[in-house]
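As a plain string of letters, each chain reads:
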Amino acid sequence: MGREILLEIKNLRKYFPMKNFFGQLKGEVKAVDDVTFEIYKGETFGLVGESGCGKSTLGRCVLQMLEATEGQILYEGNDLIHMPKNEWKKYRKKLQIIFQDPYSALNPNWNVKQLIAEPLIANGYSDKEIDARIRELLKILNMNEEVIEKFPYGFSGGQRQRIGVARAVAAYPEFIFCDEPISALDVSIQAQVINLLNDLKRDMNLTILFIAHNLSVVKYFSDRIAVMYFGKIVELATSKELFENPLHPYTKSLLSAI
């Protein structure tokens, strides 16, 4: 029996119109161009490529933060793109994101309690459940309960990103899109965040779409890796296969630059 497919992307396209000074259409930027792949339940799927190749755009289309131009995004067999808004709300809790920049991702006017409570309130949890979940998450993050009233400016980048991780997993999602979550952090802090994600993946049976520039991290953290180049997937293999036997010239150039 094969592995269960959680997310399936079919012929996905996201084009951005290019206009001249007078507002006339003069072309399109093909940020995501006819991309097809699947992600299995419980795996970490790495997505690598140079800046501007369409990685983040693809992830944001999956979460419906951007509207796809064409194609299908099937989650548990249900097409998210053509799903009615009232039905999409049921899925919204299942798919979450960890942003790249921990400094701009958190509302500076909210304390830790408010930041972590927001997704729980949105999903109808009671005050008692919210308090218990916040304390549980702070314990997982190795942060004292005294920080609950502190604001983002009082934390380091690594601590902010861990709060961002807590927000993402607070309402027990199934799928997390990690949009280069460690690129803005020091190397020593990167390892802490990756280990935290590994622990959460194991304990919560999470499925992760992981984007990063650091190929060594992607190799360590991912089960399979897709290489993206100018909006297209040019190679897809297990982490071991990709590093031991890269086939596409672009993949070889990426590996040679490590």
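Above this text you will find the structure in question.
Residues numbered from 1 in each chain as written. Predicted model: local features only at pLDDT ≥ 70, side-chain atom pairs only at ≥ 80, totals over all residues. Heavy atoms only, no water.

Novice: Even after reading the chapter, I still don't get the pairing of strand β1 (residues 5-19), so can you show me in this structure?
Specialist: For a regular strand, side-chain orientation follows a simple rule: the groups alternate between the two sheet faces. Relative to strand β2 (residues 25-40), β1 runs antiparallel, the two being bridged by twelve bridges. Within the sheet, the bridge partner assigned to Ile5 lies in β2 and is Tyr40. Between β1 and β2, which pair antiparallel and follow one another directly, the connecting turn spans five residues, one of which, Gly23, has a positive phi of 85°. Alignment of β1 against strand β4 (residues 70-75), held across five bridges, turns out to be antiparallel. (Pairing = 2+ DSSP bridges. Helix = DSSP H or I, 4+ residues; strand = E, 2+ residues; numbered from the N terminus.)

Novice: What's the story with unusual backbone geometry in this structure? I'm lost.
Specialist: The general pattern is negative phi for most residues beyond glycine and trans for most peptide bonds. Positive phi outside glycine occurs at Asn142, with the angle close to 60°. Despite not being glycine, Asn205 has its phi angle at roughly 55°, a positive value. Inspection of the secondary structure assignment puts Asn205 in the loop between α6 (187-204) and β8 (207-211). Residue classification places Asn205 among the partly exposed residues on the basis of a relative accessible area of 46%. (Buried < 20%, exposed > 50% of the residue type's maximum accessible area, 1.4 Å probe, protein only.)

Novice: Just checking my understanding: could you explain the packing of helix α3 (residues 112-122) against helix α5 (residues 157-169) for this structure?
Specialist: Angle between the axes and distance between the axes are the two parameters that describe a pair of packed helices. Between α3 and α5, the shortest axis-to-axis distance is 7 Å and the interhelical angle comes to 30°. One finds that α3 runs roughly parallel with respect to α5. Between α3 and α5 lies a crossing of right-handed hand. Residues Val112, Leu115, Ile116, Glu118 and Pro119 of α3 pack against Ile163, Ala166 and Arg167 of α5. (Axes fitted to C-alpha atoms, helices over the stretch in contact; angles between N-to-C directions. Parallel < 35°, antiparallel > 145°, perpendicular 65-115°, else oblique. Left-handed = near helix turned anticlockwise from the far one by under 90°. Contact = heavy atoms within 4.5 Å.)

Novice: Looking at this model, I keep getting lost on the pattern of salt bridges. Mind explaining?
Specialist: Two side chains of opposite charge can pair, provided their charged atoms sit close to one another. Inspection of every chain in the model, using the stated rule, returns 15 salt bridges. The salt bridge involving Asp34 is made with Arg13; its shortest N-O contact spans 3.6 Å. Of the two residues, Asp34 sits in strand β2 while Arg13 sits in strand β1, which places them 21 residues apart along the sequence. In this structure, Lys113 and Asp131 form a salt bridge, with 3.7 Å as the shortest nitrogen-oxygen distance. With Lys113 in helix α3 and Asp131 in helix α4 (residues 127-140), the pair connects residues that are 18 residues apart, well separated along the chain. (Salt bridge = Lys/Arg side-chain N within 4 Å of Asp/Glu carboxyl O.)

On their own, these measurements won't tell you what the molecule is for.
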